[in-house]
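Residues per chain, in single letters:
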Amino acid sequence: MTAELVWFKRDLRVHDHGALARACRSGRPVICLYVIEPELWAQPEYSARQYDFLTETLGDLQPAIEARGGQLTVRVGAVTDVLDRLHDEVGLSAIHAHEETGLTWTCERDRAVSAWARSKGVAFHETSQHGVVRGLASRNGWAKRWDQLMSLPVTPAPERIETVKVKSDPMPTAEALELAADPCPQRQTGGRRAAIADLKSFFDERGREYRRAMSSPLTAYDACSRMSAHLALGSLSMRETYQAALRARSVKREAGDGRYAQSIDSFISRLHWHCHFMQKFEDETAMEYRDLHPAYRGARPEPDPDTLARWIEGRTGFPFVDACMRSLDATGWLNFRMRAMVVAFSSYHLWQHWKQPAEALARRFVDFEPGIHYPQFQMQSGTTGVNTPRMYNPVKQGLDQDPDGVFVRRWVPELAALPTSFIHEPWKAPDDVLAKAGVGLGESYPARMVDHEQAAREARARIGALRKGEDHRAAAAAIQAKHGSRKSGLKQTGSASSRRKARQAEADERQTRFEF
């Protein structure tokens, strides 16, 4: 008897897994396969910290499959080579997988798998997830479709997975994959159990001040949901997360806790935006390597190695920027506003082309999601031609988000003894103040790389010159027509229709409830 193969990619769960459910309904035995792809891990966006998070997530997936009588098979190599071996060993009748919105490399790999399946007469079934629509002709109505999809009942985990027993390859180490040593001592733990615990604590207590606290790195680390890494690997589905948020919001409203309910509203809005940006990338994957608006192509030089290294390592001479980069190195995460600031600093103040900084920053993010990372990087770099360029002042951001210098002192300890009045602008401190604090600019702490005010003026002038003319406006209009948010659609999140569907879904006994 031939087998149905479920190819797990970034959907590492058994709940709300359409591909797994379809394979189990076939009546044939199932192979649950995950492939460690050395060539994928050789891509410049990937790192050992991400691989460590992956292995923890696989460690949760394996017992979930085994509890249903199945087996997770892990193989190492190119997917088509792995499929060849399995087809020879067992015989494959069909491959089931979720569509993946990923790097150009993964798109080409998926096409290769599709071609392999056709050549072998093996059916290849792909299921959508995240609400991203492949081959979308227009963004009109996309938000409504997203709401409808997310309000459908969660697909229950199979009660039984009849598995063909095939051997796994030894799990390679990060070193074996030639990933550089990458200590990340405060990294999140991967896996579905950790994801559920993170989401539950966000709805129970951590998220109360989310709307207010998400902007500052002092408070965002605890107040944000921290679901991005779990969603990136799919230990929870977007639909599970969305419906859990609706239930939590309902509980808070019924308890009269309007403030908490508003924070959950903000979280729900960001789930929409998560998929909105992934849809942009699905529709135009060239954003990974080419400026979206043609006017900006060639406008910025490639960064020199020293400039790139000082930025990514937190040695720019701007204390708040450096604190953000160093905290990211240690934790693998940074709140959204600070991500926007450090990207803008690279693209405007340092006037670097965004591609190499995007790769370097991706390696730091445990929650790297290509479909969000590259559209956001281009938006924050001003190369979409649509969004208003935002040149975050690195000093003002520090004064606004860390007025007492607590965050800077934690992550830039060489400045810890400076008075608060100079903590964000040490170059303004008198020599005697610097000496008393033990700070030597250019020695114990770097001199600032640029005059940030002058650099911003020059960047604004350059961008302004590029944005002039009918050609720029015409190209921008076409980009807006293709990728625009259709904001009116996004407001449907809290509609009466959505709430009715959510209540119906909540009543469905098959849902995963997480015990909220």
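Residues numbered from 1 in each chain as written. Predicted model: local features only at pLDDT ≥ 70, side-chain atom pairs only at ≥ 80, totals over all residues. Heavy atoms only, no water.

Asker: Hey, could you go over the overall build of the protein for me, with residue numbers and the actual values?
Answerer: On a plain count of helices and strands, the protein comes out with 24 helices and five strands. Relative to a compact globule of 516 residues, whose C-alpha radius of gyration would be 24 Å, the protein shows 24 Å and is just as compact. In terms of principal-axis extent, the alpha carbons of the protein reach across some 80 × 55 × 50 Å. Buried positions account for 58% of the 516 residues belonging to the protein. Considering only contacts within the protein whose residues lie at least 6 apart along the sequence, 81% involve residues at least 24 apart. For the protein, the distance from the average position of its 72 positive side-chain charges to the average position of its 66 negative side-chain charges is 7 Å. (Helix = DSSP H or I, 4+ residues; strand = E, 2+ residues; numbered from the N terminus. Rg over C-alpha atoms; globule rule 2.2 N^0.38 Å. Buried < 20%, exposed > 50% of the residue type's maximum accessible area, 1.4 Å probe, protein only. Contact = heavy atoms within 4.5 Å. Lys, Arg positive; Asp, Glu negative; His and termini not counted. Charge placed at Lys NZ, Arg CZ, Asp CG, Glu CD.)

Asker: Account for helix α13 (residues 305-312), with residues named and values stated.
Answerer: Across the eight residues that make up α13, a large majority, six, are buried. Within the sequence span of α13, burial applies to Thr 307, Leu 308, Ala 309, Arg 310, Trp 311 and Ile 312. Considering only its buried residues, α13 is in contact with α14 (319-331), α15 (336-349), α16 (355-364) and α17 (370-381). A side-chain oxygen of the first residue of α13 lies 3.1 Å from the backbone nitrogen of Asp 306; this N-cap is Asp 304. In the stretch just after α13, Gly 314 is the one whose phi turns positive, near 75°. (Polar contact = N/O pair within 3.5 Å; in protein donor to acceptor, adjacent residues only side chain to side chain.)

Asker: Give a detailed account of the sheet that holds strand β3 (residues 72-76), specifying residues and quantitative values.
Answerer: Taken together, the five strands give an open sheet; going across it, the order is β3-β2-β1-β4-β5, and neighbouring strands pair in parallel fashion. Edge positions in the sheet fall to β3 and β5 (123-127), since each has one partner strand and no second. Shown here is a sheet whose adjacent strand axes are inclined to one another by a mean of 30°, direction ignored. Packing of helix α3 (residues 48-66) onto the sheet brings it into contact with β1 (3-8), β2 (30-36) and β3, and relative to β2 it is tilted by some 170°. (Pairing = 2+ DSSP bridges. Axes fitted to C-alpha atoms, helices over the stretch in contact; angles between N-to-C directions.)

Asker: Tell me what's going on with the side chain of Glu 4, and back it up with residues and numbers.
Answerer: Summarising the element assignment, Glu 4 is placed in strand β1. By relative accessible area, which is 2% here, Glu 4 ends up buried. Within the structure, the side chain of Glu 4 is placed 2.7 Å from the side chain of Arg 28, a separation counted as a polar contact. Here the side chain of Glu 4 touches His 96 through a polar contact of 2.5 Å, side chain to side chain. The contact partners of Glu 4, leaving out residues within four places of it in the chain, are Ala 23, Ser 26, Arg 28, Pro 29, Val 30, Ile 31, Ser 93, Ala 94 and His 96.

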